[in-house]
Amino acid sequence: LSAAASVIVLVTLVLLAGRGEELPVRPISIVIVCLAFIAFVIGAIQVMGGQDSSLYLHRVTNRGLAVGFFANANHLSTFLLLSIPLFAALAKHFSDKAPAMKRSRVWLVTGYGIMAGAGIFLTQSAAGILLLPVALIGSYLLLAERGRGWTALAVGGFLALGVAGVTIGWNLQEVEKMTNFDASHAELELDRRGITRTAANATSAYWPLGSGIGSFRRTYPLHEDPMVVETR
């Protein structure tokens, strides 16, 4: 039943994609950006409140980190990342209708990018930190007009790299952990590299039909190193 519930999300996305031209894109984008801002505020308060903060909405969650509405800090990081180009697209749309805003839209996107970068820092998501420059530079590309606006784009690009550099510097330990190939066996087995290796072993064992819908909780532990798992 738990596995079947996840199919609802897939079916919903397929239906939305098929009716994409009929969707109110701008209102949806505004809602997403507003929710991202609210999630950032909640996440910041969660971190300030510590692991016992009453704003954590899920019993099993990344306490001590910013998670916003989510249970997993990486999910908030991803949500903040995708909201950056949406904000840039909205800024471009509204500034095209009000030419007086064109000079300020780069700074608006920069301000929003700084806020999102701060939120990603609070999630301590290494993937989010590494993808932040991509999201920011892509957003500035949305603002650039053909033959014009390259000065603003260059300024915005340098600011984007600066924000990313500061964020990475603040959270360098997490980035080093992700790229540290000299970590102990136990650390390697319990991080994403170990999880990927264990999942690959399980995949080869049950290829090509799999182990059955909803059987992950029973089959995955069979391929883990019990000595490592016991030390968690």
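One can find the structure itself at the top, above this paragraph.
Q: Tell me what's going on with the overall build of the chain, and back it up with residues and numbers.
A: Helices and strands together make up the secondary structure of the chain, namely 11 helices and zero strands. Listing each helix as α and each strand as β along the chain from the N terminus yields α-α-α-α-α-α-α-α-α-α-α. The burial tally for the chain puts 31% of its 232 residues in the buried class. Taking contacts inside the chain between residues at least 6 apart in sequence as the whole, the part at least 24 apart equals 58%.

Q: Requested: an account of the packing of helix α2 (residues 25–49) against helix α3 (residues 73–97), with residues and values cited.
A: Close contact between α2 and α3 brings their axes to 9 Å; oriented N to C, the two are set at 135 degrees. Regarding the angle of α2 to α3, the classification is oblique. Both α2 and α3 take part in a crossing whose hand is left-handed. Contacts between α2 and α3 involve R26, S29, I30, I32, V33, L35, A36, A39 and F40 from the former and L76, F79, L80, L82, S83, L86, F87, L90, H93 and F94 from the latter. Of the residues belonging to the contact of α2 with α3, the class tally is 15 nonpolar, three polar and one charged.

Q: An account of the packing of α3 against helix α5 (residues 126–143) is needed here, citing residue identities and associated values.
A: Helix-helix packing is characterised by the crossing angle of the two axes and by the distance between the axes. Two elements in contact, α3 and α5, have axes separated by 9 Å at closest approach and are oriented at 10 degrees. Taken as axis vectors, α3 and α5 run roughly parallel relative to one another. Counted together, S77, L81, I84, P85, A88, A89 and K92 of α3 and G128, L131, L132, A135, L136, S139, L142 and L143 of α5 form the full contact between these two elements. Residues of the contact of α3 with α5, tallied by class, amount to 11 nonpolar, three polar and one charged.

Q: Before we move on, can you summarise the nonpolar core with the specific residues and values?
A: Counting 27 residues, the largest nonpolar core has L80, I84 and Y112 as the members making the most contacts within it. Secondary-structure elements contributing two or more residues to this core are α2, α3, α4 (102–123) and α5. What I84 contacts, discounting residues up to four positions off in sequence, is Y112, A116, L132, A135, L136 and S139.

Q: Can you explain the packing of aromatic side chains? Please cite residues and give values.
A: With the rule as written, the count across this model stands at three aromatic pairs. Aromatic side chains F87 and Y112 sit 4.4 Å apart centroid to centroid with 5 degrees between the ring planes, which places their arrangement in the stacked category. Of this pair, F87 sits in helix α3 while Y112 sits in helix α4; the two residues are 25 residues apart in sequence, bridging distant segments of the chain.

Q: Give me the lowdown on the side chain of T123, citing residues and values where you can.
A: Its place among the elements puts T123 in helix α4. A distance of 2.6 Å separates a polar side-chain atom of T123 from the backbone oxygen of I120. Residues contacting T123, with those up to four places away along its chain left out, are L65, A66, A73, L76 and S77.

Q: Give a detailed account of unusual backbone geometry, specifying residues and quantitative values.
A: The step from W207 to P208 runs through a cis peptide bond, and the omega angle for that step is 0 degrees. Within the secondary structure, P208 is located in the loop between α9 (192–206) and α10 (216–219). The backbone of Q124 shows a phi angle near 55 degrees, a positive value even though the residue is not glycine. Along the chain, Q124 falls in the loop between α4 and α5.

Q: Explain α3 residue by residue, including any values.
A: Look at α3: 37 Å from first C-alpha to last across 25 residues, which is about the 36 Å you get at 1.5 Å a residue. For α3, the full list of buried residues reads A73, L76, S77, F79, L80, L81, S83, I84, A88, L90, A91 and S95. Where α3 is buried, its residues touch α2, α4 and α5. If you check the start of α3, you find a side-chain oxygen 2.7 Å away from the backbone N of N74, and it comes from N72.

Q: Now, about a nonpolar patch on the surface: what can you tell me, with residues and values included?
A: On the surface, V31, L35, F37, I38, V41, I45, M48, L57 and F69 cluster together into a nonpolar patch covering about 810 Å² of accessible area. Among the secondary structure elements, I45 is positioned in helix α2. The class for I45 is partly exposed, based on a relative accessible area of 38%.

Thresholds applied
- Just so you know, the residues in each chain are numbered from 1, in the order the chain's sequence is written.
- Only residues with pLDDT of at least 70 get local features here, since the model is predicted, and only at 80 or more are side-chain atom pairs given and counted; chain-wide, interface and lining totals rely on the full set of residues.
- Based on all heavy atoms of the structure, the side-chain values leave hydrogens and waters out of the count.
- By definition, any uninterrupted DSSP run of H or I lasting at least four residues is a helix, any uninterrupted run of E lasting at least two residues is a strand, and each is numbered from the N terminus.
- Burial here depends on accessible area, computed with a 1.4 Å probe over protein chains only, as a share of the maximum for the residue type. Under 20% is buried, over 50% is exposed, and the range in between is partly exposed.
- Whether two residues are in contact is decided by their heavy atoms, any of which lying within 4.5 Å being enough.
- To obtain an axis, a line is fitted to C-alpha atoms, over the contacting stretch when the element is a helix, and the angle between two such axes runs from 0 to 180 degrees between their N-to-C directions.
- Roughly parallel here means an angle under 35 degrees, roughly antiparallel means over 145, roughly perpendicular means 65 to 115, and every remaining angle is called oblique.
- Two helices crossing with the near one rotated counterclockwise from the far one by less than a right angle form a left-handed crossing, whereas a clockwise rotation gives a right-handed crossing.
- Each residue is assigned to one class: nonpolar for Ala, Val, Leu, Ile, Met, Phe, Trp, Tyr, Cys and Pro, charged for Asp, Glu, Lys and Arg, and polar for all the others, Gly among them.
- The criterion is simple. A nonpolar core is a set of buried Ala, Val, Leu, Ile, Met, Phe, Trp, Tyr and Cys residues joined through side-chain atoms within 4.5 Å.
- The pairing test for Phe, Tyr and Trp rings, Trp by its six-membered ring, is centres within 6.5 Å, and the orientation test on the planes gives stacked under 30 degrees, edge-to-face over 60, and tilted for anything in between.
- In protein, a polar contact requires one atom able to donate a hydrogen and another able to accept it; more generally it is a pair of N or O atoms within 3.5 Å, and residues adjacent in sequence count only if both atoms are side-chain atoms.
- Every helix has an expected span of 1.5 Å times one less than the residues it contains.
- What goes into a patch is any residue over 30% in relative accessible area without a salt bridge, connected to like charges within 9 Å or, for nonpolar side chains (Val, Leu, Ile, Met, Phe, Trp, Tyr), within 5 Å.
- Each accessible area is a Shrake-Rupley estimate made with a 1.4 Å probe; only the visible protein chains count as cover when residues are assessed.
- By definition here, a salt bridge exists when the distance from a side-chain nitrogen of Lys or Arg to a carboxyl oxygen of Asp or Glu is within 4 Å.

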